[in-house]
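The lines below spell out each chain.
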There are 4 protein chains.
Amino acid sequence: MIVKLNPQTREDELDKLTLTLKQMELDVTLLPHTKGITLELHGIVTDDKLELITRLPKVIKTEKIQSPYKKASKQLHPDPSVIEVGNIKIGGGHFAMIGGPCSIEDKDQLEKTAEYVKEAGGNMLRGGAFKPRTSPYSFQGLGKSGLDIMSSVGQKLDMPIVSEVMSIDQIELFKDVDMFQVGARNMQNFDLLKALGKTNKPILLKRGMSATIQEWLMSAEYIMSEGNENVILCERGIRTFETTTRNTQDLSAIAIVKELSHLPIVIDPSHAAGRRDIIESLSLAAIAAGADGLIIETHPDPDHAESDGAQSLYPEQFKQLTEKVWKLHAFMKRLEKNRADQEII
Amino acid sequence: MIVKLNPQTREDELDKLTLTLKQMELDVTLLPHTKGITLELHGIVTDDKLELITRLPKVIKTEKIQSPYKKASKQLHPDPSVIEVGNIKIGGGHFAMIGGPCSIEDKDQLEKTAEYVKEAGGNMLRGGAFKPRTSPYSFQGLGKSGLDIMSSVGQKLDMPIVSEVMSIDQIELFKDVDMFQVGARNMQNFDLLKALGKTNKPILLKRGMSATIQEWLMSAEYIMSEGNENVILCERGIRTFETTTRNTQDLSAIAIVKELSHLPIVIDPSHAAGRRDIIESLSLAAIAAGADGLIIETHPDPDHAESDGAQSLYPEQFKQLTEKVWKLHAFMKRLEKNRADQEII
Amino acid sequence: MIVKLNPQTREDELDKLTLTLKQMELDVTLLPHTKGITLELHGIVTDDKLELITRLPKVIKTEKIQSPYKKASKQLHPDPSVIEVGNIKIGGGHFAMIGGPCSIEDKDQLEKTAEYVKEAGGNMLRGGAFKPRTSPYSFQGLGKSGLDIMSSVGQKLDMPIVSEVMSIDQIELFKDVDMFQVGARNMQNFDLLKALGKTNKPILLKRGMSATIQEWLMSAEYIMSEGNENVILCERGIRTFETTTRNTQDLSAIAIVKELSHLPIVIDPSHAAGRRDIIESLSLAAIAAGADGLIIETHPDPDHAESDGAQSLYPEQFKQLTEKVWKLHAFMKRLEKNRADQEII
Amino acid sequence: MIVKLNPQTREDELDKLTLTLKQMELDVTLLPHTKGITLELHGIVTDDKLELITRLPKVIKTEKIQSPYKKASKQLHPDPSVIEVGNIKIGGGHFAMIGGPCSIEDKDQLEKTAEYVKEAGGNMLRGGAFKPRTSPYSFQGLGKSGLDIMSSVGQKLDMPIVSEVMSIDQIELFKDVDMFQVGARNMQNFDLLKALGKTNKPILLKRGMSATIQEWLMSAEYIMSEGNENVILCERGIRTFETTTRNTQDLSAIAIVKELSHLPIVIDPSHAAGRRDIIESLSLAAIAAGADGLIIETHPDPDHAESDGAQSLYPEQFKQLTEKVWKLHAFMKRLEKNRADQEII
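Computed from a predicted structure; not experimentally measured.

Caption draft 1: Here's a closer look at the packing of helix H9 (residues 279-289) of chain A against helix H9 (residues 279-289) of chain B. The interhelical angle for the contact between H9 of chain A and H9 of chain B, taken along N-to-C directions, is 150 degrees, at an axis separation of 7 Å. In this view, H9 of chain A runs roughly antiparallel relative to H9 of chain B, as classed from their interaxial angle. Relative to H9 of chain B, H9 of chain A is oriented so that their crossing is right-handed. Seen from H9 of chain A, the contacting residues are Ser-281, Leu-284, Ala-285, Ala-288 and Ala-289 of chain A; seen from H9 of chain B, they are Ser-281, Leu-284, Ala-285, Ala-288 and Ala-289 of chain B. Counted by class, the contact of H9 of chain A with H9 of chain B contains eight nonpolar, two polar and no charged residues.

Rendered as structure tokens:
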């Protein structure tokens, strides 16, 4: 049960109200946010009690908690979440421009990449050490030593790092990694989600290849219900019949997620497209649609990359893209601000 | 066969070259464009002839025509097409902001809509007179009288109009309509496409619900191969497993189409989303991705619309959206221009 | 409104009841079937009238007509429809084994095919004269002369024939064809459906590539609402992400259609699979699932067919398949009969 | 590299040939099967060596190993695999009729179910102890104690049991379970697959909701490449746009899998359909298509089941279905045998 209060409610009135509710044998949690005050009630609310609550002073409206996800829902948390990952913030107007190779190959490759990513304006580094490959005979990543390379490069350049975790027993190896990535194939690996929910590190949760938005939010809920609310959603394309792109990027997910949830959403055009020539178009579209970040594959020498070369940007392309990204992001903020200023509703 | 010439080729050199090719019993068509000169050859090119052609003065390179669509392909027509629809242009930097109701209900409704669409900055009017409805028992549109209303409103406000044609025998009723629309359900109604190809009026060709981009371009080719090259493509969402939106808008189609074809592409977020709350996000994304126009459903009173009310924008929303659309479109042009100025490749 | 009567209702009781209902200003249609008597009422049924109707003698139950399709629904027509096509019947236990080439190429080819199809046990001939091809540059069929060949071959061998009609103006050319086929691409070509609804010839209505079962039944309704109730549904695969088959045959559609509708359903494994090596497996599966027929592509020389060679059976394969088809069909009837005999519920 | 030999090769000729190949520094593995003798070679095969091998006595043909999966491929293992699960066999003509509840609720429920499943003719028991639920707030299964109940019921009734394993640390809890099930959501949980590949227990590998058949076989390869070749594939429906069924059962997968692989394939119509009224139709279709088994949800009281009640068969339905299943399976064997006897090719 949710109780919305008059935004002008004074502290003493709030205390009195809370006391009354507790006397009705209800648990009360205060959910303050920018547009008012909301109380979350737990316990048995009979029709009689409901009648009473509705008439308490300062109560504007009562609502059932409707969505199957609770902690991920905007209902209980109307303001957008801002997640801190190392020295940067994501969400609520803070934008992440994450770049890096599909796989970490060696120190030299990662350092080179990190340098031009940072110089171009990227504020976070991606790279895979454990790789979920369709074939058991494909390159499976450097593993632990890949993570070591990554954390040393991240520290040297003062950039937070994100890498994919594939199983529970790998979690402890990620102590110097700033954000876990959960891959599309593991979006419903519920035991992994629960284990990550017991850590307090941010998690980039990729959407499963054929997951509905509701299932994706339910997977976020698996993490959050264990205590870790630092979840960032990542759209990486869904599987459809179209074959010119590897997957179909679902950019409508941005607005839908923002309707339903307070969690930030980052777009991965590299895995959606599977080809580098449309990355720029999708990236700029994502920003205009309201995304909170981009995660882009780039490699100093894509033609000789261990994996996913065809979708990795050349260094020069990454620089040009990043320049446009920041310009467009700044423009969209002004456009949004103008509207907010004019808004009457 | 395509022959690319040195951009510095002089007129007299070109004449001489053309003459030589004709003496080889080849048909020659000149395809001048902003980046050089290309010749299209038809006839039998033996290996010997090919050898000769390659060595003719000013010839840089020869290419087979590879794509299954010929007239829709960028190979023969590297510059973007600009299509004139009434008093506006679409493509090559010219943007269409098309607004109007799903169905024309009566003169008053359409006039009111056209007025606020125009005032807001819309430059074209949409409206359905013949409606393809899933059920034979649903409102099927006003038919001929709907078109009459539409053309009188269009003339009064000096706005070009677009409406859906559903069968060959309706074509003659559209004489005062500026652009035919071919609906998603008719994208592979090949007889209709051929008949429209024999007119010279612009055609807005919607993508079928489960059409690949290649099939869509092949349908454009059906029209173009009959002589009418004024085709504008329109992405209106594809069918996927996701249920929060009616269809999944495939915004990657914008960049893909521009890779493959010279035809303009317009985005229809109303039918893709099926809900008005994400239209703005999708519209702005489409512009950032490089779309040449938007077609948006709006109604003076969506709650009482005959059809598709849930996805129609309220007048006030349409105004706010259109303001942002033009601002973002102008910004994207500057962003693009800057890049073009810097471009080194 | 539907009124179900006691199956023991005598003729004179029925007459009396009908009279009473007519006095209530309701149109009454009698719908007798194997499991009882149902009346269909049209007119305004107020709550008072409803109350009265429920208490009339012999009335067991009243129901609203719920499905969006009326004539295609099983609600008003609980018994399966049996459609006559030339000298054969389809539905209600009658099975169609339709074979023939994708395209009619010449008289010799079609005659050869028809001969081995008939000899093998096929009871109907298919063949395309007007071909809906993705590309305007592909073979478009022989047209009118193809139909002429077909009707002469059909007459000679005394086999009913089915061929695809693509547009309204072709309808009159089909006067010697026993059944129209509406292709997947035209499933929502509503004007064509309405025109066919005004004929009295059976129609094989293919499911659209991405049509839901409900949309498919609504398209049947378009035909039926114009008066032609001789509709046979045909499942030919739906578009999915899987690439080993051209489409994914949806065999669950058989049981679903039989839950919702009285119309027969025929399966087309050739277009679903797009490869001949799995046709037998899908065909037998369709029969076990309860299909009323199969439509199979076969060609005397598939390796040199004008179209769809890869999915056409060799003559020998068609014979072997047909033999199994009839054996399995007979076995399924016995299995079904046994159950019906034992049935207690 | 694969080398096919004349089926009439004598033992001494084979020994000589093997010796020659080993002298060429190649590893040789003998792959005898019902249709002849095949050798698998590993090592560097230069063009010169290839030339030589082709001309060795008894060599009919040499082939590259083409499919990305090796151990799952039919190329190296042309005969169908027969997997033993407790006291039953699956594959190569041996059929599994697996029944049981979605979730194990208590001993009484499982015992009742097992009794009527066995009496009806089921030869294996299914039941979930660890449940992968979309929501963290749904019933998650009885866990370890569910497995204990299951193994005691299985022993009492002498039926092998299968249950889903969701993570590596659960593996040891399954010591009394006869077959692991890997759920659709975990089909690409590669670490789990590898860990299961190190056991020697049979594994029922469900197809992921949007997995292509190739990806599914690659997941089988992950298990097999670790040493455990006892893999049984299970089709449980794929995600499509259709909404009358929860998923779309892809029965073409049966024939395709048998073309590509020697592994048995079992069909799960319960999860594909999500509704009990079409289970019979799909089950019989699966058998006619050539499936090696069925896995069906049934519950003594589906209306009060903890999970998936709507798709669980009532006991009486399960009995009727099973009777038909065995009759049809026997009939299909006769049909197949007849063909084999007549086969000329």
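Caption draft 2: Structural context of the relation of the copies chain A and chain B. Between chain A and chain B, the superposition needs a rotation of 180 degrees and an axial shift of 0.0 Å, giving an RMSD of 0.2 Å. The transformation relating the two chain copies, once decomposed into turn and shift, fits a two-fold axis. The position closest to the rotation axis in chain A is occupied by the C-alpha of Ala-285 of chain A, lying 2.0 Å away. The fraction of interface residues of chain A whose copies in chain B are also interface residues reaches 100%, indicating that both copies meet through the same surface.

Caption draft 3: Spotlight on the UniProt feature "domain: DAHP synthetase I/KDSA" (unreviewed entry) in chain A. Within this structure's numbering, the places UniProt gives as "domain: DAHP synthetase I/KDSA" (unreviewed entry) are residues 87-332 of chain A. Between the end C-alpha atoms of residues 87-332 of chain A there is a gap of 24 Å, over a span that is 37% helix and 15% strand.

Caption draft 4: Representation of the sheet that holds strand E9 (residues 161-164) of chain A in the model. Residue and element names in this part refer to chain A. Strands sit in the order E7-E8-E9-E10-E11-E12-E13-E14 around a closed barrel of eight strands; the barrel is parallel. Sheet twist, expressed as the average angle between the axes of neighbouring strands with direction ignored, equals 25 degrees. Direction of pairing for strand E8 (residues 124-126) relative to E9: parallel, over a ladder of two bridges. Each residue of the ladder has a partner; that of Arg-126, found in E9, is Val-162. Strands strand E13 (265-267) and strand E14 (293-297) of the sheet are contacted by H9, whose axis makes an angle of about 165 degrees with E14.

Caption draft 5: Spotlight on the environment of Leu-313 of chain A. All names here are of chain A. Mapped onto the secondary structure, Leu-313 falls in the loop between E14 and helix H10 (315-342). Residue Leu-313 is classed as buried on the basis of its relative accessible area, which comes to 4%. Sequence separation between Leu-313 and Arg-275 is 38 residues; the distance between their C-alpha atoms is 9.2 Å. Once residues lying within four places of it in the same chain are set aside, the contact partners of Leu-313 are Tyr-116, Arg-276, Ile-279, Ile-296, Glu-297, Thr-298, His-299, Pro-302, Phe-318 and Leu-321.

Caption draft 6: Region of interest: the environment of Leu-196 of chain D. Residue and element names in this part refer to chain D. Looking at the element boundaries, Leu-196 is found in helix H5 (residues 190-197). A relative accessible area of 0% places Leu-196 in the buried class. Along the primary structure Leu-196 and Val-165 are separated by 31 residues, whereas in three dimensions their C-alpha atoms are 9.6 Å apart. Aside from chain neighbours lying at most four places away, what touches Leu-196 is Val-165, Ile-171, Phe-180, Val-182, Ile-203, Ile-223 and Asn-228.

Caption draft 7: Structural view of the interface of chain A and chain B. Contact residues are listed per partner, giving 43 residues for chain A and 43 residues for chain B. Interface area, chain A with chain B, both sides summed: about 3,600 Å², of which 65% is carbon and sulfur. If you sort the residues of chain A by the area they bury against chain B, Phe-241, Lys-324 and Leu-335 of chain A come out on top, with a joint share of 15%. At the junction of chain A and chain B, the tally comes to four salt bridges. For Arg-207 of chain B, the salt bridge goes to Glu-242 of chain A, with nearest N and O atoms at 2.8 Å. If you look at where chain A meets chain B, you find six residue pairs in polar contact (both at pLDDT 80 or more).

Quick notes on the rules
Residues numbered from 1 in each chain as written. Chains lettered and ligands numbered in written order. Predicted model: local features only at pLDDT ≥ 70, side-chain atom pairs only at ≥ 80, totals over all residues. Heavy atoms only, no water. Axes fitted to C-alpha atoms, helices over the stretch in contact; angles between N-to-C directions. Helix = DSSP H or I, 4+ residues; strand = E, 2+ residues; numbered from the N terminus. Parallel < 35°, antiparallel > 145°, perpendicular 65-115°, else oblique. Left-handed = near helix turned anticlockwise from the far one by under 90°. Contact = heavy atoms within 4.5 Å. Nonpolar A, V, L, I, M, F, W, Y, C, P; charged D, E, K, R; others polar. Least-squares fit on C-alpha atoms with pLDDT ≥ 70 in both. UniProt positions renumbered as here; feature names shortened; annotations may be inferred. Pairing = 2+ DSSP bridges. Buried < 20%, exposed > 50% of the residue type's maximum accessible area, 1.4 Å probe, protein only. Buried area = accessible area lost by both parts, 1.4 Å probe. Salt bridge = Lys/Arg side-chain N within 4 Å of Asp/Glu carboxyl O. Polar contact = N/O pair within 3.5 Å; in protein donor to acceptor, adjacent residues only side chain to side chain.

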